[in-house]
Amino acid sequence: MRNIIIILNFSRSGGTLLSRSIGMLPNVILLSEINTHLGASTRNKSISSHNAVIEQVYNWYGIEVSGDSLKEVILNLLKICEQQHKQLIIRDWTYMDFRSNISNNWKPEYKFSLIEEIGEISPIQTFAFVRNAIDIYLSLGVKNIETFSSEYLLYVNELCKAGIKYIKYEDFVIDPINTMKEICNLTTLEYSNKVLDF
């Protein structure tokens, strides 16, 4: 069984840009903003995580998959990926785990819940896509820097504690080709010059 690749990134860290680029690589099925609590629909609405997976793979790849839970849907999708020789990549919706918001009842768990859940059913590879904290803060437009700082620090501490390797957004912007090659080497993805064709 192939590893599932999970990409971690805090809000406003360039995850959409990276996802579009990685999505251009050959033999990749990429899910975006999926968490154990909720997922993003293709219309950018919050829905149950397993339904978000079902909708994304159908609308983006024409793949029909079913299941009543996130684990069941991912397992069924993984079988399809194996049959088609595709690499499954999930961009975690880290926002749900590390930022206080109405969807988590203003009580984030401050842990990588997707890694825990998916790690129970498949081997995983993980890396984080990180950005300068000041730029994230300014991009978010939040007023309370203390809350932002404490939540972002908890996120960074969890990355360090888990020994998760990271790629810098700033490096990707300056040199996307070599940064993507670094990501491919880190994850055993097959590099292609199409990474900028999105």
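Everything numeric in this text was worked out from a predicted model, so none of it was measured.

Trainee: Honestly, unusual backbone geometry in this entry has me stumped. Any pointers?
Mentor: Outside of glycine, negative phi angles account for most residues, and trans bonds account for most peptide bonds. Phi at Asn-44 takes a positive value of approximately 60 degrees, unusual for a residue other than glycine. Note that Asn-44 resides in the loop between strand S3 (39–40) and strand S4 (46–47). A residue is classified by how much of its surface remains accessible, and Asn-44, at 61% relative accessible area, is exposed. Its identity as a non-glycine residue notwithstanding, Asn-105 has a phi of 55 degrees, on the positive side. Residue position: Asn-105 is located in the loop between helix H4 (95–98) and helix H5 (113–119). Note on Asn-105: relative accessible area 59%, which makes it exposed.

Trainee: What exactly am I supposed to notice about the environment of Glu-72 here?
Mentor: Mapped onto the secondary structure, Glu-72 falls in helix H3 (residues 70–84). Along the sequence, Glu-72 and Asn-59 sit 13 residues apart, while their C-alpha atoms lie 19 Å from each other. The contact partners of Glu-72, leaving out residues within four places of it in the chain, are Ser-66 and Gly-67.

Trainee: What exactly am I supposed to notice about the environment of Ser-41 here?
Mentor: For Ser-41, the location among the structural elements is in the loop between S3 and S4. Between the C-alpha atom of Ser-41 and that of Asn-59, which follows or precedes it by 18 residues, the distance is 9.9 Å. Among all residues touching Ser-41, those that are not within four sequence positions of it are Ile-47 and Glu-55.

The rules we used
Residues numbered from 1 in each chain as written. Predicted model: local features only at pLDDT ≥ 70, side-chain atom pairs only at ≥ 80, totals over all residues. Heavy atoms only, no water. Helix = DSSP H or I, 4+ residues; strand = E, 2+ residues; numbered from the N terminus. Buried < 20%, exposed > 50% of the residue type's maximum accessible area, 1.4 Å probe, protein only. Contact = heavy atoms within 4.5 Å.

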